[in-house]
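Here's the letter readout for the chains.
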Amino acid sequence: AEMQGMAGRIARVRGELRAALEVKYPGKDWSFVTSQIGMFSFTGLSPAQVDNMTNKWHVYMTRDGRISLAGLNSAKVDYLANAIVDSFKNH
């Protein structure tokens, strides 16, 4: 039951993140955010874009763009979406 609760919460914040990204950067296909499952998401960010996420936004992930969504909650979705859009658009 606890695992189902956590999996449901992660799926919910994935949906919130996708919705926020679609509002902030409507020209890009963000379906991967909700089509992937589990605690991690491959963002498609390049190493330079990952550096922007870390250095400017203090969002940490692997150099190949894999990010853990386990710590993401509804209150942090907008911040993460802004960081991702900034990194895709400007780096």
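This section reports on the structure supplied with the text. (Residues numbered from 1 in each chain as written. Predicted model: local features only at pLDDT ≥ 70, side-chain atom pairs only at ≥ 80, totals over all residues. Heavy atoms only, no water.)

Considerations on the nonpolar core
Moving on, step 1. Residues Leu17, Leu21, Met53, Val59 and Leu80 are the most contacted members of the largest nonpolar core, which totals 24 residues.
Moving on, step 2. Sorting the residues of this core by element identifies helix H1 (2-24), helix H2 (32-35), helix H3 (47-55) and helix H4 (77-90) as the ones contributing at least two each.
Moving on, step 3. With 7 residues, the top contributor of residues to this core is H4. (Core = buried A, V, L, I, M, F, W, Y, C linked by side-chain atoms within 4.5 Å. Buried < 20%, exposed > 50% of the residue type's maximum accessible area, 1.4 Å probe, protein only. Helix = DSSP H or I, 4+ residues; strand = E, 2+ residues; numbered from the N terminus.)

Re the packing of aromatic side chains
Moving on, step 1. All told, the structure shown has 4 aromatic pairs when counted by the stated rule.
Moving on, step 2. Seen in terms of ring centroids, tyrosine 25 and tryptophan 30 are 5.9 Å apart; in terms of plane orientation they differ by 65°. Their pairing is edge-to-face.
Moving on, step 3. Consider the rings of tryptophan 30 and phenylalanine 32, whose centres lie 6.0 Å apart with planes at 45°: the pair is tilted.
Moving on, step 4. Feature note: the residues Tyr25, Trp30, Phe32 and Phe88 constitute an aromatic cluster, connected by ring pairs.
Moving on, step 5. Looking at lysine 28, its charged tip hangs above the ring of tryptophan 30, at a distance of 5.4 Å from the centre.
Moving on, step 6. Above the plane of the ring of tyrosine 25 lies lysine 89, whose end atom (NZ or CZ) is 4.9 Å from the centre. (Phe/Tyr/Trp six-rings, centres within 6.5 Å; stacked < 30°, edge-to-face > 60°. Lys NZ or Arg CZ within 6 Å of the ring centre and 35° of its normal.)

Topic: H4
Every α-helix winds through 3.6 residues per turn, so residues three or four apart in the chain are directed the same way.
Moving on, step 1. Taking 1.5 Å per residue as the helical rise, H4 with its 14 residues ought to reach 20 Å, and the 20 Å between its terminal C-alpha atoms agrees with that figure.
Moving on, step 2. Of the residues making up H4, those classed as buried are Val77, Leu80, Ala81, Ala83, Ile84, Val85, Asp86, Ser87 and Phe88.
Moving on, step 3. The inward-facing, buried residues of H4 abut H1, H3 and strand S2 (66-68). (Expected span 1.5 Å × (residues − 1). Contact = heavy atoms within 4.5 Å.)

Some points on the environment of serine 68
Moving on, step 1. Of note, serine 68 is situated in strand S2.
Moving on, step 2. On the accessibility criterion, serine 68 (38% relative accessible area) is partly exposed.
Moving on, step 3. Taking the C-alpha atoms as reference points, serine 68 and phenylalanine 40, separated by 28 residues in sequence, lie 4.4 Å from one another.
Moving on, step 4. Here serine 68 is in contact with Met39 and Phe40, once residues within four sequence places are set aside.
Moving on, step 5. Within the structure, serine 68 has its side chain in polar contact with the backbone nitrogen of alanine 70 (distance 3.3 Å). (Polar contact = N/O pair within 3.5 Å; in protein donor to acceptor, adjacent residues only side chain to side chain.)

Topic: the pattern of salt bridges
Moving on, step 1. The final tally for this structure, using the stated rule, is 5 salt bridges.
Moving on, step 2. A salt bridge links glutamate 22 to arginine 18; its shortest N-O distance comes to 2.8 Å. With glutamate 22 and arginine 18 both in helix H1 and 4 residues apart, this pair spans about one turn of that helix.
Moving on, step 3. The class for glutamate 22 is partly exposed, based on a relative accessible area of 34%.
Moving on, step 4. According to the relative accessible area criterion, arginine 18 is partly exposed, its value standing at 25%. (Salt bridge = Lys/Arg side-chain N within 4 Å of Asp/Glu carboxyl O.)

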